[in-house]
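Chain by chain, the residues run as shown.
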Amino acid sequence: MSKPEGKKYGTEPPRESKELTEPEQKLFKELREANKDHPCNATTSDDTLIRFIRGYAREKPDPIVATHEKYKAMIDWRLEHKIDEVILNSPEKWEDYNKHYKHFIYGRDKLGRPVCYEQLGKLEPTDLEAYGVDKLKAGHIRFMEELTKLKWQITRKEKDNKLLYKHVHIIDMEGFGWKHMGSKFRGTIREIMGIDSNFYPETLQKLFILNSSMTFRTLWAFVKPWIHPLTVARITMLGYDKKYNLEQMMEFIDIDQIPEYLGGKNKEKMVGICHVKFNDIEYKEGAADVWKTDSEDPRAVYLRTKPKEEPKEEKEGGPQVAAPDAPKK
C-alpha cells in the first residue's frame, strides 16, 4: 500500500485509528441491531465490526448489503465452529503445527503494529499431507485468533483506545520449489487464504514476499486472482538480494525488531502458536484455559452476563415432544 505523499511511514498515527464517519457509525448501529439476538454478535469486538465496515466499503454493487452479508456469514461461522473458544483451547497436536508450519508473531512495526513472519518455503508438502489439512487449518485459526486478540490488547493497553487492527506480514519463500506446486498443496494454501479473506478481512497493512523464485511467481500468477485487488496493492514482491530486502522492510520496521536471519538485530527466539500469553486469561496445565473474572474481552463479558438457562423439568413419562406447528395457509 502506497504511503501518503511526503510522509514517512511511522510519522503519523495508524490510519485505522481515525474516528468513524457518520455513514460508518450508522452502519455500525445497523449491524449490531440486525444481529442483536446472535450470540457471536455479542462476543465480537467493536474493532472487528469496524474492520468489516471499512473492509467492504468499496464492494460492488452495494457495499452496505455486502457488509451485512459478510458479517453475518462470519458470526455464523464462529458459532458453528465454536471459534470463540479457540483462544482458550490449544489445537490438537499444536506442537506438530509449529514444527511443520513456521509462522510467528515477532516484534512490532514503527507504529506499534504486530509483525508476522511466515517461512512458507520450509513447509514440506509430504509433512503437510501426513499431519492433515484440518489440523493445519485449526492451527492457522488459532494463529489468527492470537493475532486478533493481541491487536485488541495493544489498542487498550498501549494505544489509549486508539484503534489498531492491522499488521505487517513477511513471507520468506526460501526453499520453495516445484514440490510445492502440486494441486493438494495449492488447494490447502487457497483454503487458508479463504479463511483470512472471509473471516479476518482488513487486517493487512503491508506484505513483503522475500526470496520469490520463478517457481513461486508461477504459483503467484495462479493465486493472484483469488486475492482482493486492495490486498494485492499492499504486496511487495522481492527477490534474493538480502541487503535490498532489508532496506525495504526497514521503511516499515526498525532494525532492532527484524530477526537476525533476515539481517536485523532482534535476537529473541521465534515461537509459534500457543506461546503468546494474555494477561486476562488464566492458563491451566492439562485443561482448557479460562477467562479471568476481570477480563474486558467481549467473549468473557458475554459469559459472565448472559442469562443462565434454567434446567428443564421433565414431565412424568419422560421428555415431551412439542406438537409440530400447523401448516401455514
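As shown above, the structure is provided for reference.
Not measured: the values here are computed from a predicted model.

Trainee: Go over the state of the cysteines with me, naming the residues and quoting the values.
Mentor: This model, assessed by the stated rule, comprises 0 disulfides. Take Cys-116: it sits in no disulfide, and the sulfur closest to it among the cysteines is that of Cys-274, at 15 Å. When its relative accessible area of 0% is taken as the criterion, Cys-116 is described as buried.

Trainee: Lay out the pattern of salt bridges with the relevant residues and their values.
Mentor: Under the definition given, this model contains 23 salt bridges. Here Arg-32 makes a salt bridge to Asp-46, at a shortest N to O gap of 2.8 Å. Pair noted here: Arg-32 is in helix H1 (residues 22–34) and Asp-46 is in helix H3 (residues 46–55), with a separation of 14 residues, a long-range link. Arg-32 sits in the buried class, given a relative accessible area of 18%. Assessed through its relative accessible area of 40%, Asp-46 is described here as partly exposed. Residues Arg-113 and Asp-109 are paired through a salt bridge, measuring 4.0 Å at the closest nitrogen-oxygen approach.

Trainee: Please provide a residue-by-residue account of the nonpolar core, values included.
Mentor: Counting 60 residues, the largest nonpolar core has Leu-120 and Tyr-200 as its most contacted members. Contributing elements (two or more residues each) for this core: H1, H3, helix H4 (63–81), helix H6 (125–131), helix H7 (133–157), helix H8 (183–199), strand S4 (204–210) and helix H9 (214–223). Take this core: its biggest share by element is 7 residues, from H7. Setting aside residues no more than four positions away along its own chain, Leu-120 makes contact with Tyr-101, Ile-171, Asp-172, Met-173, His-180, Phe-185 and Ile-189. Counting 18 residues, the second largest nonpolar core, distinct from the first, contains Tyr-106, Leu-210, Leu-246 and Met-270.

Trainee: So what's going on with H1? Which residues, and what values?
Mentor: With 13 residues, H1 should reach 18 Å at 1.5 Å per residue; the first-to-last C-alpha distance of 18 Å fits that figure. What H1 keeps buried is the set Glu-24, Leu-27, Phe-28, Leu-31 and Arg-32. Buried positions in H1, seen along its axis, are confined to an arc of 135 degrees and lie on one side of it. The exposed residues of H1 that point more than 90 degrees off its buried face are Glu-22, Pro-23, Lys-26, Lys-29 and Ala-34.

Trainee: I'd like a rundown of helix H11 (residues 242–249), residues and numbers included.
Mentor: Taken together, the buried positions of H11 are occupied by Asn-245, Leu-246, Gln-248 and Met-249. All buried residues of H11 fall inside an arc of 160 degrees around its axis, so they share one side. In this structure, the buried residues of H11 make contact with strand S3 (167–172) and S4.

Trainee: Tell me about the layout of surface pockets, and name the residues and values.
Mentor: Considered as a void within the structure, the largest pocket measures approximately 1,000 Å³ in volume. At 8 residues, the largest contribution of residues to the lining of the largest pocket is made by H8.

Trainee: Mind laying out the side chain of Glu-145, listing which residues take part and the relevant values?
Mentor: Considering the arrangement of structural elements, one finds Glu-145 in helix H7. A distance of 2.9 Å separates a polar atom in the side chain of Glu-145 from a polar atom in the side chain of Arg-78. If sequence neighbours within four positions are ignored, Glu-145 has contacts with Arg-78, Ile-83, Val-86, Ile-87, Tyr-200 and Arg-299.

Trainee: Describe the pairing of strand S1 (residues 103–108), with residues and values.
Mentor: Direction of pairing for S1 relative to strand S2 (residues 114–118): antiparallel, over a ladder of 4 bridges. Paired with His-103 across the strands is Glu-118, a residue of S2.

What counts and how
- Per chain, the residues get numbers from 1 upward, laid out in the order the sequence is written.
- It should be noted that, the model being predicted, local features are given only for residues of pLDDT at least 70 and side-chain atom pairs only at 80 or more, the latter also being counted only at that level, while totals for whole chains, interfaces and linings use all residues.
- Water and hydrogen atoms were dropped before computing side-chain values, which therefore reflect all heavy atoms in the structure.
- Pairs of cysteine sulfur atoms within 2.5 Å are identified as disulfides in what follows.
- Buried residues are those whose accessible area, probed at 1.4 Å on protein chains only, stays under 20% of the maximum for their type, while exposed residues exceed 50% and partly exposed ones sit between those limits.
- Salt bridges, as used here, are contacts in which a Lys or Arg side-chain nitrogen is within 4 Å of a carboxyl oxygen on Asp or Glu.
- Helix and strand assignments come from DSSP, with helices taken as H or I runs of at least 4 residues and strands as E runs of at least 2, each series counted from the N terminus.
- We define a nonpolar core as any set of buried Ala, Val, Leu, Ile, Met, Phe, Trp, Tyr and Cys residues linked to one another through side-chain atoms lying within 4.5 Å.
- Any two residues whose heavy atoms approach within 4.5 Å at even a single point are treated as in contact.
- Expected span of a helix, by definition, is 1.5 Å for each gap between consecutive residues, and there is one gap fewer than residues.
- Here the arc refers to the directions that run from the helix axis out to each C-beta atom.
- Definitions used throughout: a 1 Å grid over protein atoms alone; a cavity as a set of points that fits a 1.4 Å probe which cannot get out; a pocket as an open set with protein on both sides within 12 Å along at least five of seven lines; a lining residue as one with an atom within 4 Å of a point.
- Grid points are joined across faces, edges and corners, and a volume is the space filled by probe spheres set on the points.
- A 3.5 Å cut-off defines polar contacts: any pair of N or O atoms within that distance qualifies, except that in protein one atom must be a possible hydrogen donor and the other a possible acceptor, and neighbouring residues in sequence count only when both atoms are side-chain atoms.
- A pair of strands counts as paired when DSSP detects no fewer than two bridges linking them.

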